[in-house]
Amino acid sequence: MTEVKYDLDLNSKPCRGVLRYENGAVYALEDGREVFSHSLENVGELVQYTDVGCGSLEISPFADELGSNYDSAENITVCRFSMSAAEDIGEFCKAVNHYIKTGEEPQLSADNADRCPVCGRRYPKGTDVCMFCVDKSYIWRRTFKMLRQFMPTLIVSSVLVTLANLMSAAQPVLQGKLVDSFSSGGLSAKQNVIIIGVAMALTYLLENIFQIFSGRTANSVGLGFSKYLRSVVYDKVQRMSVSSMSRKTAGDLIKRVTRDTNTVQNFFVDKGRYALEQIILFIVVGIFMLRMSPLLTLLAVLPAPLCIIALNSFKRYIHLRYDKQWRYDSRANSILHDIIKGIRVVKTFGSEKREVAKFSSASKALADISVSNERVWAIIFPVIGFFMNSGNFLVLYFGGRMVINGTMTAGELWSFVLLLSYIYKPLDWLANMPRWIAEVTTSLIKIYEVLDEKPQVGDSRNAGKYPITGEVEFDSVGFGYKSYEPVLKDINLKIKPGEMIGLVGHSGAGKSTMINLVMRLYDVDSGTLRIDGRDIRDYDQYYLRENMGVVFQETYLFSGTVYDNIAYAKPDASPEEVFSAAKAANAHGFIMELKDGYNTVVGENGYNLSGGERQRVAIARAILRDPKILILDEATSALDPETESHIQEALGRLVQNRTTIAIAHRLSTLRHADRLVVLENGRIAEVGTHTELLKKRGIYYNLVMAQRQTSKLTSEAQAALDRQ
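Keep in mind that this is a model prediction, so the values were computed, not measured.

Draft legend 1. Highlighting the overall build of the chain. What the chain contains, in helices and strands, is 25 helices and 17 strands. Within the span of the chain, comprising 724 residues, buried residues form 46% of the whole. Here the analysis covers contacts within the chain between residues at least 6 apart in sequence; of these, 71% occur between residues at least 24 apart. In the form shown here, the chain has an accessible surface area of approximately 37,700 Å², with 56% of it arising from carbon and sulfur atoms.

See the structure below:
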């Protein structure tokens, strides 16, 4: 049995619905009552339609029975749902369609493993941890496990802090002895004063020496852990799938790699180290105080448990507020990143004021939540601090009575009162800990959210580096970026080694999706994609991409030299290989005309070069890779005819003796392809050579005629302008 939940009835009113497949039929139940059932015999497929904020699931009859008169009005509506259920319905739809096609029983549980059993929320995609319900102690246990390699240095730092605190706690005791010596008078008192003064100076000196070395070792731990954590997070970001990356903004990821790791570093170097110091100080001073007067010690710390309970009751509230502040901060960073990256577009449209207003709005929202958080803490902390220090009044009252009664000397009370300030300082400081812990816990959760994300494009257990000749086969491949919106449906295509294939179709037909699957940026949802007869998942994905070369429509160049950008495809390439690749790409000529030749800095994304020059550098990069499979994604779009001829000449050299899959805006550039594959609505509609498809007078013919008509109108318009 396969079932999922939905939440709207056919009148779009809320309900508790269950969609079920059982024994070759589909059922819909609402509030425990069956409202729909239909056998899957003589059914074409289940179709999911998504509208604005809601959608519907419908049963479609066989299209071939309806012929060309097929109309979606013939469909039978099964249920409706809000977008919160769309993904589950999409998975149900795929599972049942698989049964309709193959006869294999689907398996899909209503209680999906990707939901938190406590709150019912979906886990962040690729993880199995609910960040709302996760035990915060788990976060800290895991962090301390990561700190294990730094533990020896941390222990040394802790020992030094303990020694420094012992020296610090000894000073009030010595001061009490000093007061009693003054009170007693006589020659021995003067000698005692000198001895005690020397002892106080010595303890002060030792305290500072221990503090200096403790600080140095703590900084070493903090910086080392920060470097390690930043490297681990960045490494994981590099290995994330494209689908995972697309769900997060650049500003979000940058914040996790930099600012969140800095927050963790600052906590362990500054606040964490100081917390350890204060805890040790509290213990050491507490021992001194207990030896002097257990009663006064009890009175001093009496309010502390009540204050800790009060702070603990605010813990979840504080965590939620700082999580909200993190999200506002991340949004402001994302807006800033987009504005800086797209500054040319901003200036071109004269949108500086609008972008300033957008960023100011995000910054104001961040400032408002930050001020609100600080205001809350400014109210809580003084109140807690007052009650925390109220034990001081009890000590002075009862301690004074003990001095009057002769059970305690004035010097001992003086020492106790000084020690009291030492013990209240840690208590006051520790009252701030929930706030700092909330900040660092939020950062740790965001970091672990990235680290725990399971790769959505993973290698099979037997993945290896097998020889590649270039054969590519799509076997009944289906895929959708969203489970409820399939992009490719039942794609069957075999590309021979060395063959050039052109992908043709309207925008959104699935051309770029096919090459994304070949590059293994995504995995197929159904069917199999094979390279040289082997499932693409059986290849080590990094090795697979090493055997592929890609020239995109939007060429990306790194902010380095021309030489560095070409050599990016093969870092160990010799200069001769780089120069040879540039010559083959018709790039050597213009490069040598640049001010510094191959050492010319291209600027961010190559803004110092023209579009055609950037494209030729990208082609040189692909030639240097010497790939078995070449992918050209609109490699000559938006270029003038002269530049395009140079690039077409370079591409002609590049495609020789290697499997090539090309997408081109200008269909005329694909006329020499061995075969053209025409896509329509995610399916292969036509396959053949340029001449064969023109003779068919089908979809490809209409596309060519439309382009010729557009070209003719453009030429006539230009001629009319020239005559004026």
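Draft legend 2. The packing of helix 9 (residues 294–301) against helix 14 (residues 391–405), seen in detail. Orientation of helix 9 relative to helix 14, taken along the N-to-C sense of each, is 160°, at an axis distance of 7 Å. By the angle between their axes, helix 9 is roughly antiparallel relative to helix 14. Along this stretch, helix 9 crosses helix 14, giving a crossing that reads as right-handed. Between helix 9, through Leu296, Leu299 and Ala300, and helix 14, the contact on the second element is made entirely by Gly391, Leu394, Val395, Phe398, Gly399 and Met402. Partitioned by chemical class, the residues of the contact of helix 9 with helix 14 number seven nonpolar, two polar and no charged.

Draft legend 3. Empty space enclosed by the protein, seen in detail. Going through the model one piece at a time under the given rule, you end up with two cavities of 30 Å³ or more. Empty space within the largest cavity amounts to approximately 40 Å³. Every residue lining the largest cavity is listed: Tyr317, Ile318, Arg321, Tyr322, Asn373, Val376 and Trp377. If you list the elements that add at least two residues to the lining of the largest cavity, you get helix 11 (315–341) and helix 13 (352–389). At four residues, the largest contribution of residues to the lining of the largest cavity is made by helix 11.

Draft legend 4. Quick look at helix 9. Within helix 9, burial applies to Leu296, Thr297, Leu299 and Ala300. Each buried residue of helix 9 lies within a common arc of 165° when the element is viewed along its axis, so the set occupies one face. Opposite the buried face of helix 9, at more than 90 degrees from it, the exposed residues are Pro294 and Leu298.

Draft legend 5. Region of the structure containing the sheet that holds strand 13 (residues 548–551). Within the open sheet, the six strands sit side by side as 13-14-15-10-16-17. Their pairing is mixed. Pairing within the sheet leaves two strands with one partner each, and these edge strands are strand 13 and strand 17 (683–688). Strand-to-strand twist in this sheet, taken as the mean axis angle between neighbours without regard to direction, amounts to 20°. Examined bridge by bridge, strand 13 and strand 14 (residues 629–633) share four bridges and lie parallel to one another. By the bridge assignment for strand 14, Met548 is matched with Ile629. Where helix 22 (residues 611–625) meets the sheet, its contacts fall on strand 13 and strand 14, and the angle it forms with strand 13 comes to roughly 175°.

Draft legend 6. Spotlight on the packing of aromatic side chains. On inspection of all chains with the given rule, the structure shows 13 aromatic pairs. Both rings, one in Tyr397 and one in Phe398, keep their centres 5.0 Å apart while their planes meet at 85°; by these two values the pair is edge-to-face. The class of Tyr397 is partly exposed, set by a relative accessible area of 47%. An angle of 80° between the planes, with centres 5.3 Å apart, marks the rings of Tyr556 and Phe558 as edge-to-face. Overall, Phe558 belongs to the partly exposed group, its relative accessible area being 36%. Pairwise contacts between aromatic rings join Trp140, Phe144 and Phe267 into one cluster. Across from the ring centre of Tyr448, 4.2 Å away, lies the NZ or CZ of Arg142, which sits over that ring. In this structure, Arg534 is placed above the aromatic ring of Tyr466, and the distance from its NZ or CZ to the ring centre is 3.7 Å.

Draft legend 7. Seen up close, the side chain of Gln541. Locating Gln541 in the fold gives a position in helix 18 (residues 541–546). Contact partners of Gln541, with chain neighbours within four places excluded, come to Val457, Gly458, Asp459 and Arg520.

Draft legend 8. Representation of the packing of helix 20 (residues 575–584) against helix 22. At a minimum axis distance of 8 Å, the contact between helix 20 and helix 22 shows a crossing angle of 125°. Viewed along their axes, helix 20 and helix 22 adopt a mutual orientation that is oblique. For the pair helix 20 and helix 22, the crossing hand works out as right-handed. Of helix 22, the residues touching helix 20 (which contributes Glu577, Val578, Ala581, Ala582 and Ala584) are Ala620, Ile623 and Leu624. Here the contact of helix 20 with helix 22 is composed, by residue class, of seven nonpolar, no polar and one charged.

Draft legend 9. Main features of the side chain of Ser157. One can find Ser157 in helix 4 (residues 151–184). What makes Ser157 buried here is its relative accessible area of 4%. What Ser157 contacts, discounting residues up to four positions off in sequence, is Ser214, Thr217 and Ala218.

Draft legend 10. Highlighting the sheet that holds strand 9 (residues 488–495). In spatial order, the strands read 9-8-11-12; together these four strands make up an open sheet with antiparallel pairing. Only two strands of the sheet have a single neighbouring strand rather than two, namely strand 9 and strand 12 (534–535). Sheet topology note: the strand 11 (residues 526–531)/strand 12 ladder contains two bridges and is antiparallel. Each residue of the ladder has a partner; that of Arg530, found in strand 12, is Asp535.

Draft legend 11. Fine view of a nonpolar patch on the surface. Taken together, the side chains of Leu202, Leu205, Ile209, Ile212 and Phe213 present a nonpolar region at the surface, about 470 Å² in accessible area. Note on placement: Phe213 falls in helix 5 (residues 187–239). Its relative accessible area of 44% is what places Phe213 among the partly exposed residues.

Draft legend 12. A look at the environment of Gly55. Within the secondary structure layout, Gly55 lies in strand 6 (residues 54–61). Of the residues examined, Gly55 reaches a relative accessible area of 0% and is grouped as buried. Residues Gly55 and Ser12, spaced 43 residues apart in sequence, show a C-alpha to C-alpha distance of 9.6 Å. If sequence neighbours within four positions are ignored, Gly55 has contacts with Tyr49, Thr50, Cys79, Arg80 and Phe81.

Draft legend 13. The confidence of the model for the chain, seen in detail. Counting all residues, the mean pLDDT for the chain is 80, and 86% of those residues have values of 70 or more. Counting contacts from residues 63–70, a segment whose pLDDT is below 50, to residues more than four positions away or on other chains yields five contacts. Note that residues 109–113 has pLDDT below 50 and, in this model, seven contacts with residues that lie over four places away or in other chains.

The rules behind the values
Residues numbered from 1 in each chain as written. Predicted model: local features only at pLDDT ≥ 70, side-chain atom pairs only at ≥ 80, totals over all residues. Heavy atoms only, no water. Helix = DSSP H or I, 4+ residues; strand = E, 2+ residues; numbered from the N terminus. Buried < 20%, exposed > 50% of the residue type's maximum accessible area, 1.4 Å probe, protein only. Contact = heavy atoms within 4.5 Å. Areas by Shrake-Rupley, 256 points an atom, 1.4 Å probe, with all protein chains shown as cover. Axes fitted to C-alpha atoms, helices over the stretch in contact; angles between N-to-C directions. Parallel < 35°, antiparallel > 145°, perpendicular 65-115°, else oblique. Left-handed = near helix turned anticlockwise from the far one by under 90°. Nonpolar A, V, L, I, M, F, W, Y, C, P; charged D, E, K, R; others polar. 1 Å grid on protein atoms, 1.4 Å probe; cavity = no way out; pocket = protein on both sides within 12 Å on 5 of 7 lines; lining within 4 Å. Points joined across faces, edges and corners; volume = space filled by probe spheres on them. Arc of directions from axis to C-beta. Pairing = 2+ DSSP bridges. Phe/Tyr/Trp six-rings, centres within 6.5 Å; stacked < 30°, edge-to-face > 60°. Lys NZ or Arg CZ within 6 Å of the ring centre and 35° of its normal. Patch = residues over 30% accessible without salt bridge, like charges linked within 9 Å, V, L, I, M, F, W, Y side chains within 5 Å. Salt bridge = Lys/Arg side-chain N within 4 Å of Asp/Glu carboxyl O. pLDDT = per-residue confidence, 0-100.

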